[in-house]
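A look at the structure
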Amino acid sequence: MAARNWIFAVAVFLSLSTFSSAQDLQIVNAERRIDLSSHIVKAFLTLKVENIGKDPAADMLLAFPPTQIKNLAMVQALAVTGKKKKKIYLPLDVKPSEQPDAPNDAGYFLVSFATPLGPGEAVTLEVLYILTHSLEPFPVEITQSESQLVYYRDSAVVLSPYRIKQQTTFFKTPSTRVESFTSVEPANRAGKEIKYGAYEDRAPYSYAPVIVHFENNSPFAVVEELVREIEISHWGSLQITENYRLTHGGARHKGVFSRVEYQSRRSISGSSSFNALLAVLPPRVNSVYYRDNIGNISTSHLRTGFKKSELEFEPRYPLFGGWKATFIIGYRVPLEDYLFEAPDGRRYLNFTFGCPLVETIVNKLTLKVVLPEGSKDPSAVLPFAVNQDLQVKYSYLDIVGRTVVVLQKDNVVPTHNVPFQVYYTFKPIYMLAEPLMLVSAFFFVFVTSLAYVHIDLNIVKK
Amino acid sequence: MAMSPPPGTSSSAMRNAFGTVLSALILLLIGVLAFSIRLFSVIKYESVIHEFDPYFNYRVTQFLSKNGIYEFWNWFDDRTWYPLGRVIGGTVYPGLTLTAGTIWWALNAINIPLSVETVCVFTAPVFSAFASWATYLLTKEVKGSGAGLAAAALLAMVPSYISRSVAGSYDNEAVAIFALIFTFYLYIKTLNTGSLFYATLNAIAYFYMVCSWGGYTFIINLIPMHVLLCIVTGRYSPRLYIAYAPLVVLGTLLAALVPVVGFNAVLTSEHFASFLVFIIIHVVALVYYIKGILSPKMFKVAVTLVVSIGLVVCLIVVAVLVALVASSPTGGWSGRSLSLLDPTYASKYIPIIASVSEHQPPTWPSYFMDINVLAFLVPAGIIACFSPLSDASSFVVLYIVMSVYFSGVMVRLMLVLAPAACIMSGIALSQAFDVFTASIKYQLGRSANSKDDAEDNTSTNNAPKDDSSSGKTDKGEEVAKERSSKKGKKKEREPADKPSVKSKIAKKRVLVLPLEASIVALLLLIMLGAFYVIHCVWAAAEAYSAPSIVLTSQSRDGLHVFDDFRESYAWLSHNTDVDDKVASWWDYGYQTTAMANRTVIVDNNTWNNTHIATVGTAMSSPEKAAWEIFNSLDVKYVLVVFGGLIGYPSDDINKFLWMVRIGGGVFPHIKEADYLRDGNYRIDSEATPTMLNCLMYKLSYYRFVETDGKGYDRVRRTEIGKKNFKLTHFEEVFTSHHWMVRIYKLKPQKNRIRGRAKKLKLKTSSGLDSKAAKKNPWI
C-alpha cells in the first residue's frame, strides 16, 4: 500500500528532528470522533496526556495540518477530572501559537493546563475543534435530481508533536451511503460510522492521509457576509438589523431547474437544495421583519418563547448549489434585558455574538454596536480575538454623531454564539437633546409666524 | 385669511379670527385625510413601489441621489433597449425625480436617514395633501373659502386621484396634479389681482408642471382657450393681459429648458394655440389702447384700415403655418395628442398606444367608480358658476367641459377631470348649504319674531353668509378698480358694502325655501356626502391599494400571497451574470431593470416601435426563428409571465395578440390571421398550428401538462391544445412558485459538423433566404 509506505517515510523523517520540550509529554490514548453529518465538521478529541519528562509542563501543543488550519473556526479544550459519574470539566486556555520549527507549515494551538503537569502525572483533555469549508463536493456540478457527494480529507492518525501510544479515529457520515474511503489497516465501516484504528505507538508528526467520499445532503448554508447592527436607544429598546448574503456552498447546480419536478417529486428532486432556514432570536423579541432590497418576503413564521424565539423563514426561492440570496432580518428587544450598569458607574451591553441562523457558517461577520449619541470611552470584551474598530454614524437628528463599535471576525460558526460586552459611559441628560431640539424648532416657527403676521412690512401706510 | 382687523366692530374681528383659525385647522385635517387615506396600501401590503412605471422613476431617483444632478442630465442608460440604450436625462420628465431627490437630500442633510425608497413611496400622498390645499386656493378664488374647503375635502378623497397617488404609486401624476391645480390657481389669482408677482409665480408653476408631466399641454391649451373666450365675450381687461402674456413668454422659455421638451415648446402643434392667442391678445390690447386715445369717429376709420391690413397679414401667417404643419408627416402632433383629437387614430395606426389599457376610452361604470356622486353635483356647480359669471368661474366651467371630453377619450385622463369635478361639486355643495342654512335661519327667525321684523332679520342673517361666499365672487369683478392693494390676503376682508351685495340679498330672499324642505334637503345632502366618503374609503382600501407586484387571495386558511414576480426578479439578480440580457414583453422591462438589475431589450418607455416589434416577432415565431432573433440580440434569458396555473388573467398569453399585431406591423410575415381560428383567439385543440408552435405558447406551457395531467388552463378555462412537447433551443432555468414567471435560457449554439452544415446550406439556399433576412433585422 502506497499510502502506508508514505506514512512511514513521513514518520521516519519527522522523528529525526528533535523537539526538546515536546518530547517531555506523551499521549497515552487518543480517541477522535469526527462528525461529518452537516457541513460544519466537528471533531471531538479525547487525549490522555502524561508527563514523562523531569520538569513540570505548563502547557501542551495541538498541531493541525496546513489545509485544516485555515478552515479552523474554533478550538476548545476542557480538562476532565474525577471518575465516571462525577466528572468535572474545567475549561482551559487555548491560544494560537507559532512554532519556529514547524514541519510543513503545520499550525499550532497552545493549551495551558490549569495546574502545571508534574513529572509522571497524567491528565485527560477533551478537545473540540470545528472545521468549515472542509467538505469538497465531488462531482463539482450536479443536476437537480442528483444527490450531493463530498470528499472529506483528513489523516487516519492524529497529527501531534507528541508520541501517541494508542489511538482510534471515527468518522460519522450523515447517511449509510459512502462511496469510498481510503483504507489504512485496520479500518472498517459499520452503518454510518467509519473506524480507523486502533493504531499503536505512532511517532510524533505521523500522518496518514485519508479521503472519505460520501453523500451529504444537509443544507450547505454559507453566509458570505453578515453585517449585524445593534442600535442602543436609552428610550427603551435595542434595534437589531442583520444583513445577510447567503449562498449554497455545496455542489454547483447544473442545467435545468424544473419547478414541476421540484414540486411533485420532492424526495428525489433537489435533495441537496434547501428552502427553509431557522433563526434563533432572543426572547421577548418584537417588531420582527424579514425583507430584502425589493421588499417584504412573506414566507416566515415567528414563535416566541420564554427562553428563545424562533423565526422560521424561507428565502424567495429554493437555493440550489451556488445560488445566492440576500435578505435583511430586523427586530427589536427590550433594553432592560441587555443593558446593565457596571459597579463603576459605566453601562454595558451584554449581547450574543455570532449569527442567529442555526447550522450556518459565516465567512465574514461584522457586528456594529451603535451607542447612543454622547456616549464615551467604549470598550468591548470578548472571549476570543476579533478585529475592533470605531466609527461614527449619524442617525435621526444627530449633531455630533453616534459612536459605533465595530467588531469583525472571519469564519464564524454557531459555537461563537456566546455573550460579549460593550462598556461605555453615558449621561442621561443627552437623551433630552433631540426632543428639546424639536421643541425649539417648532417654537421658532410659531414665533416667526407670529412676528410676520404682526409686523406691517408695507412702506406706504394705508 | 388676514389677521388684521377690518374697520368694523371687535366682535366681527373675533369672528374673522376664529373663522381663519377654523379654516386653517380644517385645511390641516384635510391634508391629514388626503395623506392617510392613501396609506391603505402600506398597511394592507407593505411600503413598496407599485406597478411598472414607478419602478423606473424609483430607479432614476436612486441614480440621482447616488450620482448627483449633473450625472443625471448626462445619464445614458445602457441597461435598457439593448443594444440601442436610452438617454434618460434627455427623455424623461424630471419633475418627480427631482422633487423626491430634493426631499431625500434635504432630509439627509438634517440627519433623518430615510431611504430613497421610503421617500419615493410617500411622495404621492404628501403631494395629494398639497393638491387639496391648492384646490382650496383655486376654489376660494372662484367662489369663496366655503366652496374652497368643500372642494379641498372632496379632492382629498376622490377615487380617481387616489388610484394614481396611493403610497407607492410613484408616478409623474403624483406631483403633476398638484402642479396642474396650483398653476390654475396662480392663473386665476393673477386674473383677479392683475399682479405681475403672481404672473411670474404662475410661469414658474407652469415650469414645474412641464418638468413633471406631458399633460402640461393641457394647461397651455386650456388657458389660451379661456383667454380667447374672455376676449370673445367682451371681458378683455388689463388683468387678462397680465395673466396671459407673461405666462406665454416666460413659460415657453422655461419649458424649453427642460431637455425632454426643448424646442418642442415652439415647434409642435400642441403649443401653436398659445402663440396664436398671444398674437390675438396683443391685437386686442392695441385696439383697446387706440380706442382709449382716439375719438369714436377716428376710431371707426382706424378700425376699417387695420382690419383690411390685418386680414392680409393674418392670411399670410395662416398660410405659412399651414404649410409648416402640413410638411411634417403627423401634422406636428404627437401620437398621443392625435389620439386625443381623433379617438380612433391610435387603434388605426399605432397599436402600441392602443395596446395600453389606460389609453382605452372609459366605460360608464368607471365614471361612477372614479368620481362617484360628483358626477351628479357637477351640473349644479356649473349652474352656480353662471350666477354670476366671472372670469374665474368661466375658467372652471371651461376646465370641466374640456376635461370631460378628454376623459371620454382616454381613461387615464379621468385624472384631469377629477380636480375639475371636485371644484364644481365643492361649489355646488357650498352654495346648496348656503341656501338651505340661510332658509332655515330665516324661517326660524320669522317664527320667533313678528312678521314685520322679518325683513330686517333676513338681511342681518344673510349678510354674514354673503360675506363668505357670494360676496367674494364680486371681488373678482371689483378687483380691477382696486389696483392699489397688492396683498391678496388683505383684500378678502374688505367690507362687503358694495351695491351688488344688496341686489344679492334681494336675490337670496327669492331663494328662501320652506323650513321642512330645507331640513330634508340638508339631510339628503349630508347623506350624499356620507355615501361619497364611504365609497372613497372603500375604493382606497379595496380597489386601488394593491401594488400589483404582490397578489393576494383570501382562502379558507387565511391570506395567500403570490409573490412570484419578486421571487423571479430576485433570482435573476442573484443568480445570473450581471451583464446578461433578458428578453421579455415590454411590460416587464422597467421592473426587470429596477428589481433584477439586468439589461432588457425593450421596456415600458416604448420609444422604438421596431425594437418592440422585433421582440413581438420573436415571441410569435417558431422556436428556431425566435432563437435566431434573440441570439442576434445577445439575449441570454427569456422571461414570460404565465397565469394558467393559478388563474392570473393579465399574463403574456392574453397579451399575445398585441405582440402579433405589433410584430406584424413591422415584419409582415407575421400575420394575425395565422393565429386566429375563424377570428377567435384560442389555445385549445382548435388552435391553429402557427399558434401552437410559436415561442410564446411553448414557453408558457412547457411541461404544464405534468401539473394536473390534463393541462387545464385556469385563465382561458380550457385544456391546452398541444400538451407534450420538447424545447430544442431553450431550456427552463427558473419557474416561480406559482408558475407565474418562467425564465428560459437560450441554449448555446451547437458545434458545426461538416456534413450537417452542408445540408443546412442546401436547405436555406432553396428560396428561404429573403424571408430569413426579413425575419431578423439585426443581421
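Keep in mind it's a predicted model, so treat the numbers as computed, not measured.

Moving on, we get to the overall build of chain A. When helices and strands are tallied, chain A shows 4 helices and 31 strands. In terms of overall dimensions, chain A has C-alpha extents of about 115 × 65 × 45 Å along its principal axes. Considering only contacts within chain A whose residues lie at least 6 apart along the sequence, 75% involve residues at least 24 apart. Carbon and sulfur atoms form 58% of the exposed surface of chain A, whose accessible area is close to 22,400 Å².

Residue and element names in this part refer to chain A. For strand β13 (residues 187-190) and strand β14 (residues 193-202), the ladder comprises 4 bridges, and the chain directions are antiparallel. Within the sheet, the bridge partner assigned to Ala187 lies in β14 and is Tyr196. Counting the residues in the hairpin turn of β13 and β14 gives 2 residues, including Gly191, whose phi is positive at 60°.

Tallied over the full model, the rule gives 49 salt bridges over all chains. One salt bridge connects Lys42 of chain A with Glu359 of chain A, and the closest N-O pair in it is separated by 3.9 Å. Linking Lys42 of chain A in strand β2 (residues 41-51) with Glu359 of chain A in the loop between β26 (347-352) and β27 (361-370), this pair joins segments that are 317 residues apart in sequence. By relative accessible area, which is 23% here, Lys42 of chain A ends up partly exposed. Among the salt bridges present, the one from Asp579 of chain B reaches Arg79 of chain B, with a minimum N-O distance of 3.3 Å. Of this pair, Asp579 of chain B sits in the loop between α28 (564-575) and β5 (581-583) while Arg79 of chain B is found in the loop between β1 (76-77) and β2 (86-87), placing the two residues 500 residues apart along the sequence. Classification of Arg79 of chain B as buried rests on a relative accessible area of 14%. Taken together, the shared-partner salt bridges connect Glu229, Glu231, Lys393, Asp398 and Arg402 of chain A into one network.

Residues and elements named next belong to chain B. The contact between helix α10 (residues 196-212) and helix α11 (residues 216-232) brings their axes to 8 Å, and the two run at 140°. The orientation of α10 with respect to α11, classified from their angle, is oblique. For the pair α10 and α11, contact is made by Tyr206, Met209 and Val210 and by Tyr216, Ile219 and Ile220, respectively. Split into classes, the residues belonging to the contact of α10 with α11 amount to 6 nonpolar, no polar and no charged.

The next thing to look at is the confidence of the model for chain A. All names here are of chain A. For chain A, mean pLDDT is 86; residues scoring 70 or higher make up 95% of the total. Across residues 1-5, where pLDDT falls below 50, the model places 2 contacts with residues more than four positions away in sequence or in other chains. When the criterion is pLDDT under 50, residues 7-20 qualifies, and its contacts beyond four places in sequence or with other chains add up to 14 contacts.

The subject of this paragraph is unusual backbone geometry. Cis rather than trans, the peptide bond between Phe138 of chain A and Pro139 of chain A has omega equal to 5°. Its location among the elements puts Pro139 of chain A in the loop between β8 (135-137) and β9 (141-142). Following Ser387 of chain B, the chain continues into Pro388 of chain B via a peptide bond in cis, with omega recorded as -5°. Examined against the element boundaries, Pro388 of chain B turns out to sit in the loop between α20 (374-385) and α21 (391-409). Unlike most non-glycine residues, Asp201 of chain A shows phi in positive territory, near 50°. Note that Asp201 of chain A resides in strand β14.

Turning our attention to the packing of aromatic side chains. Residue and element names in this part refer to chain B. For the structure on display, the rule yields 63 aromatic pairs over all chains. For the pair Tyr236 and Tyr288, a centre-to-centre distance of 4.8 Å together with 40° between the ring planes defines the contact as tilted. Taken together, the residues span a long stretch of sequence, with Tyr236 in the loop between α11 and α12 (238-257) and Tyr288 in helix α14 (residues 272-293) at a distance of 52 residues. Since its relative accessible area comes to 14%, Tyr236 is described here as buried.

If you look at the interface, chain A gives 30 residues, while chain B gives 32 residues. Carbon and sulfur atoms supply 52% of the area buried between chain A and chain B, which totals about 2,800 Å² over both sides. Ranking the residues of chain A by area buried against chain B places Arg259, Val260 and Ile294 of chain A at the top, with a combined share of 23%. Here chain A is connected to chain B by 4 salt bridges. The residue Arg316 of chain A makes a salt bridge to Asp563 of chain B at a minimum N-O spacing of 3.0 Å. Between chain A and chain B we count 19 residue pairs in polar contact (both at pLDDT 80 or more) in total. Contributing elements (two or more residues each) for the side of chain A that touches chain B: α3 (259-264), β20 (286-292), β21 (295-296), β24 (324-334) and α4 (433-454) of chain A. The leading source of residues in the side of chain A that touches chain B is α3 of chain A, at 4 residues. Split into classes, the residues belonging to the side of chain A that touches chain B amount to 12 nonpolar, 10 polar and 8 charged.

Within a sheet, each strand pairs with its neighbour through backbone hydrogen bonds, oriented either parallel or antiparallel. All names here are of chain A. Within the open sheet, the 4 strands sit side by side as β25-β26-β31-β28. Their pairing is antiparallel. Every interior strand has two partners, whereas the edge strands, β25 (339-341) and β28 (376-381), have only one. Adjacent strand axes in the sheet meet at a mean angle of 25° when their direction is disregarded. Both β26 and strand β31 (residues 419-425) contribute to a ladder of 6 bridges, which runs antiparallel. Residue pairing for β31: Leu349 is matched across the bridge by Val422.

Moving on, we come to the domain arrangement of chain A. Residue and element names in this part refer to chain A. Each assigned domain of chain A is listed here: domain 1 (25-215) and domain 2 (221-432). Taking only C-alpha atoms into account, the centre of domain 1 sits 32 Å from that of domain 2. Taken together, the 23 residues of domain 1 in the interface contact 28 residues of domain 2. If you sort the residues of domain 1 by the area they bury against domain 2, His39, Glu141 and Gln144 come out on top, with a joint share of 33%. At the junction of domain 1 with domain 2, the criterion picks out 2 salt bridges.

What counts, and where the lines are drawn
Residues numbered from 1 in each chain as written. Chains lettered and ligands numbered in written order. Predicted model: local features only at pLDDT ≥ 70, side-chain atom pairs only at ≥ 80, totals over all residues. Heavy atoms only, no water. Helix = DSSP H or I, 4+ residues; strand = E, 2+ residues; numbered from the N terminus. Contact = heavy atoms within 4.5 Å. Areas by Shrake-Rupley, 256 points an atom, 1.4 Å probe, with all protein chains shown as cover. Pairing = 2+ DSSP bridges. Salt bridge = Lys/Arg side-chain N within 4 Å of Asp/Glu carboxyl O. Buried < 20%, exposed > 50% of the residue type's maximum accessible area, 1.4 Å probe, protein only. Axes fitted to C-alpha atoms, helices over the stretch in contact; angles between N-to-C directions. Parallel < 35°, antiparallel > 145°, perpendicular 65-115°, else oblique. Nonpolar A, V, L, I, M, F, W, Y, C, P; charged D, E, K, R; others polar. pLDDT = per-residue confidence, 0-100. Phe/Tyr/Trp six-rings, centres within 6.5 Å; stacked < 30°, edge-to-face > 60°. Buried area = accessible area lost by both parts, 1.4 Å probe. Polar contact = N/O pair within 3.5 Å; in protein donor to acceptor, adjacent residues only side chain to side chain. Domains from an automatic or database assignment.

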